[in-house]
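Residue-level structural notes
Here are the chains, one letter per residue:
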Amino acid sequence: MTTSILSPENNALAEQETHAPVVRPAAGYVTYRIKHTLASRFAFLIVCLAIILSALAYGTVHYWALALFFLGAVTIAVLWLIDSWSLGSFRVSRNVLQLSLLGMFLLGVFQLLPLRQPAEAGTHSIPLINSLSFDPYSTRFILVQLVALLIYFAAVLVFTDTPKRLRLLVRTIAVFGFFLAIFGLTQSFTSPDKVYWMRELPQSQAFGPFINRHHFAGYMELALALPLGLVFTGAIEKEKKFIYLFAAGLMAVALVMTNSRGGIISLLAEILFLVATMGLRRRRHKKRSEKHRPRIKSAAIKAGLALALVVALFGGVVLLGGEDALTRVVGSVNTDDPTTGRAHFWSVTVEIIKTHPWLGTGLGAFGVVYTGFDSRNGIYRLEQAHNDYLQVLSDGGIIGAVIGLFFVVNLFRMGFIRRDSRDDFRRGVATGAMAGCFAVLVHSFFDFTLHTPANALLFLVLAALATMNGRVEDVQSRMKKRSRRSLEIPTETNRVAASDNAGGV
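What you see is a predicted model; the values in this text were computed from it and never measured. (Residues numbered from 1 in each chain as written. Predicted model: local features only at pLDDT ≥ 70, side-chain atom pairs only at ≥ 80, totals over all residues. Heavy atoms only, no water.)

Moving on: the overall build of the chain. Within the chain one finds 18 helices and 6 strands. Counting all 505 residues of the chain, 52% fall into the buried class. Counting contacts in the chain only where the partners sit at least 6 residues apart, residues at least 24 apart contribute 77% of the total. Counting only carbon and sulfur atoms, one obtains 65% of the accessible surface of the chain, whose full area is about 24,200 Å². (Helix = DSSP H or I, 4+ residues; strand = E, 2+ residues; numbered from the N terminus. Buried < 20%, exposed > 50% of the residue type's maximum accessible area, 1.4 Å probe, protein only. Contact = heavy atoms within 4.5 Å. Areas by Shrake-Rupley, 256 points an atom, 1.4 Å probe, with all protein chains shown as cover.)

What follows concerns helix H9 (residues 261–277). The first and last C-alpha atoms of H9 sit 24 Å apart over 17 residues, in line with the 24 Å expected at 1.5 Å per residue. Of the residues making up H9, those classed as buried are Gly262, Gly263, Ile264, Ser266, Leu267, Ala269, Glu270, Ile271, Phe273, Leu274 and Thr277. (Expected span 1.5 Å × (residues − 1).)

Quick look at the packing of aromatic side chains now. In the structure shown here, the tally under the stated rule is 25 aromatic pairs. Geometrically, the ring pair formed by Tyr58 and Tyr196 is edge-to-face, given 5.7 Å between the ring centres and 85° between the ring planes. Note that Tyr58 is positioned in the loop between helix H1 (38–56) and helix H2 (63–87) and Tyr196 in the loop between strand S5 (194–195) and strand S6 (199–200), a separation of 138 residues in sequence. Pairing Phe210 with Phe216 gives two aromatic rings, centres 6.0 Å apart and planes at 75°, and the pair type is edge-to-face. Each member of the pair, Phe210 together with Phe216, is buried. Every member of this aromatic cluster is reached through a ring pair, and the members are Tyr58, Trp64, Phe183, Tyr196 and Trp197. The ring of Phe425 carries Arg167 above its face, with NZ or CZ at 4.1 Å from the centroid. Here the basic side chain of Arg199 rests over the ring of Tyr58, its NZ or CZ set 5.0 Å away from the ring centre. (Phe/Tyr/Trp six-rings, centres within 6.5 Å; stacked < 30°, edge-to-face > 60°. Lys NZ or Arg CZ within 6 Å of the ring centre and 35° of its normal.)

This paragraph deals with the environment of Thr258. Tracing the backbone through its elements, the reader meets Thr258 in the loop between helix H8 (238–257) and H9. As for Thr258 and Gly184, which are separated by 74 residues in sequence, their C-alpha atoms are 9.0 Å apart. When neighbours within four sequence positions are excluded, Thr258 is seen to be in contact with Phe207, Arg213, Phe216 and Ala217.

Right, let's get into the nonpolar core. Membership of the largest hydrophobic core comes to 101 residues, with the highest contact counts inside it found for Leu169, Ile173, Tyr219, Leu411, Phe459 and Leu465. Among residues more than four places away in sequence, those in contact with Leu169 are Phe44, Cys48, Ile51, Val156, Thr160, Val461 and Leu465. In this structure, Phe134, Ile352, Ala365 and Phe366 belong to the second largest nonpolar core, which totals 11 residues. (Core = buried A, V, L, I, M, F, W, Y, C linked by side-chain atoms within 4.5 Å.)

Pairing between side chains of opposite charge can happen when their charged atoms approach one another. Following the criterion strictly, the structure yields 7 salt bridges and no others. For Arg91, the salt bridge is made with Asp83, and the minimal N-O distance between the two is 3.6 Å. This pair shows no difference in class: Arg91 is buried, exactly as Asp83 is. Where Lys354 meets Glu351, a salt bridge forms, and the shortest distance between an N and an O atom there is 3.8 Å. Residue Lys354 and its partner Glu351 are both found in helix H12 (residues 342–355); the two are separated by 3 residues, about one turn of the helix. Bridged by salt links that share partners, the residues Asp83, Arg91, Asp161 and Arg165 form one connected network. (Salt bridge = Lys/Arg side-chain N within 4 Å of Asp/Glu carboxyl O.)

Below, the structure is given as structure tokens:
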């Protein structure tokens, strides 16, 4: 058995047995027919189902849901091996974003080593811990989640290997996000204090199937980014734009109805990202004088579209939820709400970072360490720092922060490269995927949405969509469309010739 490496910079795979080149003389491009085994089809199906079921299962925050989530990852790994056995080669991707997940896993493994003396723990709450991690159990649990997420992420990069599968995955996310928004809005109007109209959660504020309304907002930020990206880049037909806008608008309304201030700020940042980046695409083989005016006109139109979308969004929110739906954005902080008081949480987290700057206190150990540094009465046992960047520094230290920074930098570096694709749909998906990731990264300044496995999975799927290699690009479709239009729309010469012939007859 050999190994096929899928490079993000090349469209071809190394193995000729599974990829037969087909040259189209008219365009001069080389495409590859990829043999799909039954195992690869099931692996791709499980990825699509995981995106849906992980959200419906309360965001996958309970142990039974996490067990199913891990089982799905194991099933994909088994199917991956079966697919490799059938093809005679093991397919892997060279996407460098996988290195960040692998690096974070290795950091967690190192933190489990018994390299710290109990007297050096720096807190009296856990004096018997001799590992670098202050909470070895939570670190092991995080490592299992990282392995599962890495398998899902790598599977998306490998098995989303044709334009057809790319479209199917994008439509799965967009359609599911649309119906999830309908479900969330319906439940908020009919039974705002219960999940699925049955389970009451007195100590949390749920929305839709998510236990935490902020996490529902984060999921909507990711799901609505794809249809918005396709609309803003003009990658879809004019008659379908209203459908995509309506779907994205409804998801945005559901997001605002969660009353998540971080979610609303992230939504605005997402729209600004699309407006700011829509004019950055390089247009080859054109003079600047020829493209300067069309680009200004296009930018003005899309900026107006973004403004109209924001106005329509908040108008719809007021219409559905009344003025109370927007009061949280400008209202005062409720001191009785345990999710507020972030300034204090962050100041305590900074003290933890100063005490353990290089390797951190252990992945997932924040809840244990926080009580030893809290300067208040400790009435609340804080599980998360409500700022993912500070928590990465707290749990993983400077090394963990460098790993995370490597992921973010390469995500947008590769995403902007893919955004220059000649395939309109591929360009729209890359733009939308980057916008969704950008929105969640903004939201991470105020919350911990990526700690929910459902959100983390969808975030990684969008990261894969933004950076995966050129096998999913269909550059021929655009040329076929142009040639078809040239045949259907006669030129002036053809019209004159046709009239002359008609007169002669």
